[in-house]
Each structure stands twice: as structure tokens, then as C-alpha cells.
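Next come the chains, spelled out residue by residue.
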Amino acid sequence: MLAVRDLTKSFTGPGGEVRALAGVSFELAAGDFLAVQGHSGSGKTTLLLACGALQRPDSGSVTIAGQDPYRLGAEERAAFRARHIGFVFQQFHLIPYLTVLENVLAPLLALNASAAPARAMELLERFQIQDRAAHRPQQLSTGERQRTALARALLHRPKLILADEPTGNLDEQNADTVLDSLRELAKEGAAVLMVTHDNRLAAKAARVLALEHGRPKAEAAHAH
Ligand SMILES: Nc1ncnc2c1ncn2[C@@H]1O[C@H](COP(=O)(O)OP(=O)(O)OP(=O)(O)O)[C@@H](O)[C@H]1O
Ligand SMILES: [Mg+2]
């Protein structure tokens, strides 16, 4: 589903060049669940954005469902993302003037699916935010925003799910609900890549990719 080869990405900041990715390769098949770990600044978000067709790497390649999204034009790439990828941003990126339900339905702007409102409510229920459906993001707790962002990413049943710290603001019980949902989606055939600082949650993933200064440190396989 996802193949990443020799990705590099640098940024120019006030102090000079920062090498965010320094050669990362891995593959993620349908049904895989990979946790990405690493210290703050190790390149996790940069890797996710590159895998999500949201930020072009300096070198290396990203192949999603057999296609290199960076060869597509901007509009085609956006349509490609809408079709294949569910992305949970670390900063959520909810639309402030839409309600929770409308935010979850926002991917419909790029697709058309008639069963979506029922599916959206089902996701809100799964993540225990159904009674916040009419609230706007600023009326939510941080953890409720996080769950809204996750529901939005899952609306169209993407084959590739990229989640940046989707449990970062959640208590143990809600974190487990989110993790169980992601594992279930992997069992149903999605490829899931989740960034997490939480060793307890990473241990529940099938594989772990540890990043250090933009490089893979080790990839450990858990016995599951
Ligand atoms: N747009 C940017 N401009 C300049 N530097 C950047 C930019 N984006 C990221 N960086 C730098 O690249 C490095 C990797 O950043 P990244 O956001 O990928 O880290 P991270 O592992 O996701 O960290 P965290 O756990 O804090 O979210 C950091 O040193 C960061 O300062
Ligand atoms: Mg990050």
C-alpha cells in the first residue's frame, strides 16, 4: 500500500539547515500496523506529511497504491489524497466555523457518498462524542477535538491511515478506544501508520519504527 525509499528532507531555519529526514525506507502492506516513535524533533511529522502526499521530500520516493503522488499536479494530488488517505494531523486542523458533525463530513467536499451522515454519526458514537455533534471546535476539549479529527480521517474508509499522535491528549480509556479502532481497521485491510510517544500503545502495534535525527534507529517486530 505504501512504499517509502530513501526519503530525505531538510529545512532552512534561522540557525541554518535542519535535516529532518536523513534516509528513511520502509514498506507498509494492507493490514499492517506500524508505530513510529522518536524524540521530539526526530522527524516523525515530516515523515508522515511526506507519506501523506502533503510535503514533497527533497529526494527519495513515496509510492501509494502503486502511484507516486508527487508526480501528480496539485488538484489531482488532492483528489488522490481524498480517495486513498485518511490523515490525522498533530494539530487537528479542524475548521472553526463548522460543527463537529460538519467537520467529520468535510471530506465529502472532495467525494460523493450518500451514506456519509450515518457513517459520521457512527464514528462520533464510536469515539463517544455524539453529544458534541453540534458543537464547534472551540467549544470542545482538546481530547474531543482529537477524536473529531480522527473521525473525519476515517469517514471514507481510507486504505492508508496516517495518524500523528492520535492519542496524545486522551486518557487511557479513550486512547485504548482509538487504538482498538485503528487495529480493527488494519485487520479489515487498511495500512496504518501511527506516531506515538506512548510505549504502552506502541507495544500494541505489529511493528515499530524508531526515528533518531531523521534516521531509522531500529525496527523491532513484536510477536502478535
Ligand atoms: N517547516 C519547517 N521549517 C523549518 N524547520 C522545520 C520545519 N518543519 C520541521 N522542521 C524541523 O525539522 C525537524 C523535525 O521536525 P518534525 O516536526 O518532523 O519532528 P517530530 O518528530 O514530529 O517532533 P514532535 O514529536 O515534537 O512532534 C525539527 O528539528 C524541526 O524543527
Ligand atoms: Mg510531530
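Look up: the structure comes first, before these words.
This report concerns the structure included in the present document. Counting from 1, residues in each chain are numbered in the order their sequence is written. For naming, the first written chain is A and the first written ligand is 1, with later ones following in the order written. This being a predicted model, a pLDDT of at least 70 is required before a residue's local features are given, and a value of 80 or more before pairs of side-chain atoms are given or counted; all residues contribute to the totals for chains, interfaces and linings. Values reported for side chains reflect all heavy atoms of the structure, with hydrogen atoms and water molecules removed beforehand.

### Comments concerning the overall build of the protein
We count a stretch as a helix when DSSP gives it H or I for four or more residues in a row; a strand needs E for two or more, and each element gets its number in order from the N terminus. Scanning the protein from terminus to terminus reveals 7 helices and 9 strands. Throughout, radius of gyration means the C-alpha value; the globule benchmark is 2.2 Å times the number of residues raised to the power 0.38. Its C-alpha atoms give the protein a radius of gyration of 17 Å, within 12% of the compact-globule value 17 Å for 224 residues. Principal-axis analysis of the C-alpha atoms gives the protein an extent of 45 × 40 × 40 Å. Scored against the burial criterion, the 224 residues of the protein give a buried share of 50%. Just so you have it, the protein exposes about 10,700 Å², and 49% of that area is on carbon and sulfur atoms. A gap of 3 Å separates the mean positions of the 25 positive and 24 negative side-chain charges of the protein. Buried residues are those whose accessible area, probed at 1.4 Å on protein chains only, stays under 20% of the maximum for their type, while exposed residues exceed 50% and partly exposed ones sit between those limits. Here the open area of atoms and residues is found with the Shrake-Rupley method and a 1.4 Å probe, where only the protein chains shown may cover a residue. Charge counting treats Lys and Arg as positive and Asp and Glu as negative, with His and both chain ends excluded. To locate a charge, take NZ of a lysine, CZ of an arginine, CG of an aspartate or CD of a glutamate.

### Quick word on the sheet that holds strand E2 (residues 16-28)
Pairing between strands is defined by DSSP: at least two bridges between the two strands are required. Taken together, the 3 strands give an open sheet; going across it, the order is E2-E1-E4, and neighbouring strands pair in antiparallel fashion. Two strands bound the open sheet, and with one partner strand each, they are E2 and strand E4 (59-64). On average, adjacent strands in this sheet sit at an angle of 25 degrees to one another, irrespective of strand direction. Bridge count for strand E1 (residues 2-13) against E4 is 5 bridges, and the pairing is antiparallel. If you follow arginine 5 over to E4, its bridge partner there is serine 61. Interaxial angles span 0 to 180 degrees and are taken between N-to-C directions of axes, which are lines fitted to C-alpha atoms, for helices over the stretch in contact.

### Observations regarding the pattern of salt bridges
For this analysis, a salt bridge means a side-chain nitrogen from Lys or Arg found within 4 Å of a carboxyl oxygen belonging to Asp or Glu. Counted according to the given criterion, the structure contains 10 salt bridges. In this structure, glutamate 122 engages arginine 119 in a salt bridge whose closest nitrogen and oxygen atoms are separated by 3.3 Å. Of the two residues, glutamate 122 and arginine 119 both sit in helix H4 (residues 116-126), 3 residues apart, roughly one turn of that helix. Since its relative accessible area comes to 38%, glutamate 122 is described here as partly exposed. Several salt bridges share partner residues, and in doing so they unite Asp131, Arg132 and Glu144 into one network.

### Considerations on the coordination of the magnesium ion (ligand 2)
Listed donors are limited to N, O and S atoms within 2.8 Å of the metal, widened to 3.2 Å for Na, K and Ca; water is not among them, so incomplete-looking sites are possible. Those protein atoms acting as donors to the magnesium ion (ligand 2) are Thr45 (OG1) and Gln90 (OE1), and they sit at 2.0 to 2.3 Å. Of this pair, threonine 45 sits in helix H1 (residues 44-51) while glutamine 90 is found in the loop between strand E5 (85-88) and helix H3 (100-105), placing the two residues 45 residues apart along the sequence.

### Thoughts on the pairing of strand E8 (residues 207-212)
Among the 6 residues in E8, 5 count as buried, and that is most of the element. Here strand E3 (residues 33-37) runs beside E8; their pairing, made up of 4 bridges, is parallel. When the bridges of E8 are listed, valine 36 appears paired with leucine 209.

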